Amino acid sequence: MPTTASDAALSAAELPGPDRHLPFYGLASPPFRSGADPGRLWLGNAHRAILDTLARAIRDGNGVAILTGDAGTGKTSLAQRLIAMLGPAGISVGQVSSPGPAPSDFFEAVLSAYGVRRPVHDKDTFSACIRNVLARATGRGDKVLLVVDEAQGLGHELLREIGDLSIMAAASGHPLVILLIGETRLTAALEDDEHAALRERIIARCAVPPLGPDEVGAYVRHYLDAAGAVTEVFSPEAIRTIASLSRGAPGAINIIGDRALLVGRARRARPITEAIVSDCGRSPASPSAALADFDRSSPRATSLHSRAKGRGRLYVTIAATALFVTGAPYLAWWLTGLGDNSARTASDETSRPPHAPRGTRDRRPPPSSRVLPPTRRRVRCRQATPTAWRSPSDGRR
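It should be emphasised that the depicted structure is a prediction, and the values quoted were computed from it without experimental measurement.

This part covers the overall build of the protein chain. From N to C terminus, the protein chain includes 14 helices and five strands. Summed over its atoms, the accessible surface of the protein chain is roughly 21800 Å², and 56% of this surface lies on carbon and sulfur atoms.

Below, the discussion takes up the nonpolar core. Membership of the largest hydrophobic core comes to 54 residues, with the highest contact counts inside it found for Leu54, Leu179, Phe234 and Ile272. Once residues lying within four places of it in the same chain are set aside, the contact partners of Ile272 are Tyr25, Val233, Phe234, Ser235, Ala238, Ala260, Leu261, Gly264 and Val277. Val96, Ala137, Ile178 and Leu180 belong to the second-largest nonpolar core, a separate cluster that totals 34 residues.

It is worth spelling out helix α2 (residues 75-86) at this point. End to end, α2 covers 17 Å across twelve residues, agreeing with the expected 16 Å (1.5 Å per residue, within 8%). Looking only at α2, the buried set comprises Lys75, Leu78, Ala79, Arg81, Leu82, Ile83 and Leu86. Tucked inside the fold, the buried residues of α2 contact α1 (45-60), β1 (64-69), β2 (91-97), β3 (143-149), β4 (176-182) and β5 (202-208). Positive backbone phi, at 75°, marks Gly87, one or two positions downstream of α2.

Among all residues except glycine, the phi angle is most often negative; among peptide bonds, the trans geometry is most common. Along the chain, Arg270 connects to Pro271 via a cis peptide bond; the corresponding omega equals 5°. You can see Pro271 is positioned in the loop between α10 (250-266) and α11 (274-282). The phi dihedral of Arg247 is positive, around 55°, even though this residue is not glycine. Its location among the elements puts Arg247 in the loop between α9 (236-246) and α10. We note that Arg268 has phi near 55°; this positive angle belongs to a residue other than glycine. Tracing the chain through its elements places Arg268 in the loop between α10 and α11.

A word on the packing of aromatic side chains. How two aromatic rings sit relative to each other is given by the distance of their centres and the angle of their planes. Scanning the entire structure with this criterion turns up six aromatic pairs. Here the aromatic rings of Phe24 and Tyr25 are separated by 5.0 Å at their centres, their planes lie at 90°, and the arrangement is edge-to-face. Just as Phe24 is buried, Tyr25 falls in that class too. Each ring, one from Phe106 and one from Phe107, has its centre 6.2 Å from the other, and the planes form 55°; the classification is tilted. Grouping residues by exposure puts Phe106 and Phe107 together as buried. Here a set of aromatic residues connected by ring pairs shows up, and it is made of Trp42, Tyr219 and Tyr223.

Quick look at the pattern of salt bridges now. The final tally for this structure, using the stated rule, is eight salt bridges. Between Lys123 and Glu161 there is a salt bridge, and its shortest N-O distance comes to 3.2 Å. Of the two residues, Lys123 sits in helix α4 (residues 123-140) while Glu161 sits in helix α5 (residues 156-171), which places them 38 residues apart along the sequence. Overall, Lys123 belongs to the partly exposed group, its relative accessible area being 34%. One salt-bridge network, held together by shared partners, links Lys123, Glu161 and Asp164.

We now examine the packing of helix α3 (residues 103-113) against α5. Running from amino to carboxyl end, α3 crosses α5 at an angle of 45°, the nearest separation of the two axes being 10 Å. With respect to each other, α3 and α5 are oriented oblique. Both α3 and α5 take part in a crossing whose hand is right-handed. Along the contact surface, α3 presents Pro103, Phe106 and Phe107, while α5 presents Glu157, Leu158, Glu161 and Ile162.

One can find Thr241 in helix α9. Under the relative-accessibility criterion, Thr241 is labelled buried at 11%. Apart from residues no more than four positions distant in its own chain, Thr241 is found in contact with Glu274, Val277 and Ser278.

A few words on the sheet that holds β4. The five strands lie next to each other as β2-β3-β4-β1-β5, forming an open sheet whose pairing is parallel. Looking at which strands have only one partner, the edges of the open sheet turn out to be β2 and β5. Along the sheet, successive strands turn relative to each other by an average axial angle of 15°, direction set aside. As paired elements, β3 and β4 share five bridges and run parallel to each other.

With that settled, consider the pairing of β1. Among the six residues that make up β1, six are buried, leaving the element largely enclosed by the rest of the structure. Summarising the sheet, β1 and β4 pair through five bridges and their orientation is parallel. Bridge assignment links Leu67 to a residue of β4, and that residue is Ile181. One ladder, built from six bridges, connects β1 with β5; its direction is parallel. Among the inter-strand pairings, Thr68 is bridged to a residue of β5, identified as Ala207.

Rules used throughout
Residues numbered from 1 in each chain as written. Predicted model: local features only at pLDDT ≥ 70, side-chain atom pairs only at ≥ 80, totals over all residues. Heavy atoms only, no water. Helix = DSSP H or I, 4+ residues; strand = E, 2+ residues; numbered from the N terminus. Areas by Shrake-Rupley, 256 points an atom, 1.4 Å probe, with all protein chains shown as cover. Core = buried A, V, L, I, M, F, W, Y, C linked by side-chain atoms within 4.5 Å. Buried < 20%, exposed > 50% of the residue type's maximum accessible area, 1.4 Å probe, protein only. Contact = heavy atoms within 4.5 Å. Expected span 1.5 Å × (residues − 1). Phe/Tyr/Trp six-rings, centres within 6.5 Å; stacked < 30°, edge-to-face > 60°. Salt bridge = Lys/Arg side-chain N within 4 Å of Asp/Glu carboxyl O. Axes fitted to C-alpha atoms, helices over the stretch in contact; angles between N-to-C directions. Parallel < 35°, antiparallel > 145°, perpendicular 65-115°, else oblique. Left-handed = near helix turned anticlockwise from the far one by under 90°. Pairing = 2+ DSSP bridges.

All quantities given are derived from atomic positions and should not be read as evidence of function.
Right, here's the structure in full:
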C-alpha cells in the first residue's frame, strides 16, 4: 500500500540502523551490496557473449585480451565471474590492480600474484622469476592468466612492459594470457604509436555496454529475489526512474537501490515510490545526506522545522529580556558614575585660580570634602571600559 502523509519520514532518532531496514521489505540480506557472490551475478545477453568470447580466448589463445567499459558498468564483477567459470583446474590465475607507476612496483605485484614475494629492482630479475612461474605451470599442464584491473591508470611505460612480457612468454613457449580491464580511455592509450607491438598481441576486445530499461528491471528483480523478496519492493515507476537516473550502470543502480531501501523504510513506504528514488538520485554523496534531504521534504519534518524555528525565536526573546533585566542596574550605575565625573570636572573648572589659563586644573591639594568615597573610586575606574563601546561615528570626529 502506498505511503500516506501520516506515514511520513521518521525523526532522526527513529531512523533504522544499518541492515535493520531489510525485514520491513522481507529481505534476508542486502540485495544491492557490492562484492556479491559471482555466482549471483545477473547476466544479460551482452554479458554472456563477453564471457564466452573471453573464455574461448583464454583457453585457446596466447596473448592479450582487452575488457573495457564506463565506470560502474560491472567490469570487475564480470571478470570475477569469468575466473569462476574457468575453474581452478587447468588455469593459474594472478590478479593485479593499480600496481603503481614504477616498473619495479609492477614486477613485484605480478610475482606476488603468483606467490613469489621478493624485491625486484631490474627487468632481468623479473624475467627470470616469471619464466620459472610459467615453466612450473606448463609442467602441471596449466595455462597462466594474468588479470590487470584498473588498467586505464597504467602509463605508457607499464603498457610497454606488458607488451614485452607477452612477447617474452610466447618466445619461451609458455602460454600466457594477459587480461587488461579498464575504462574506455584504455582503448585510446593503446592506439598510441609506441604500443604497436602490444596491439599485435591482442587476441580479443570486449566492451561492456550499459543496461537497457528492461534489463534494469530484470537486474533489480534478480537481486531482490536472491535476497528473499516475496512481495513487490519497488513500484514499476520507481524502477523506470532507477533506469533513467543510473543510465544503465549497475554500480549506480546498486547505490540508488540501496539508499531507496533505507529511506523507504524510514518513510514507511511499501512499495518504494518514484519520488523516493528521485530523491536518492539527487543526493549521491552519502545515505545520511539523502536521509536528511528526505526528512526536510516530509510533511512531519516540515512541521517540526516550523515549530523548532518558533521555539528558537522564543528562546532569543527570553534571553534578551533576561539580559536587559539583569543589566539595567549596571547600566544605571555606569550612567550615574558618568554624571558624577561630569560634575567633578565642572567643579575643577570653578576652583581654578584666577591667574591660571583656562583649561588648567587646580594643582592644590583637594579639600577633605572632595575626597571620593571608595565606591566613587570604583566608579571612576569603571569609566575606562566604555571607551571600547564607542560608536563608529565617534572615531571620525
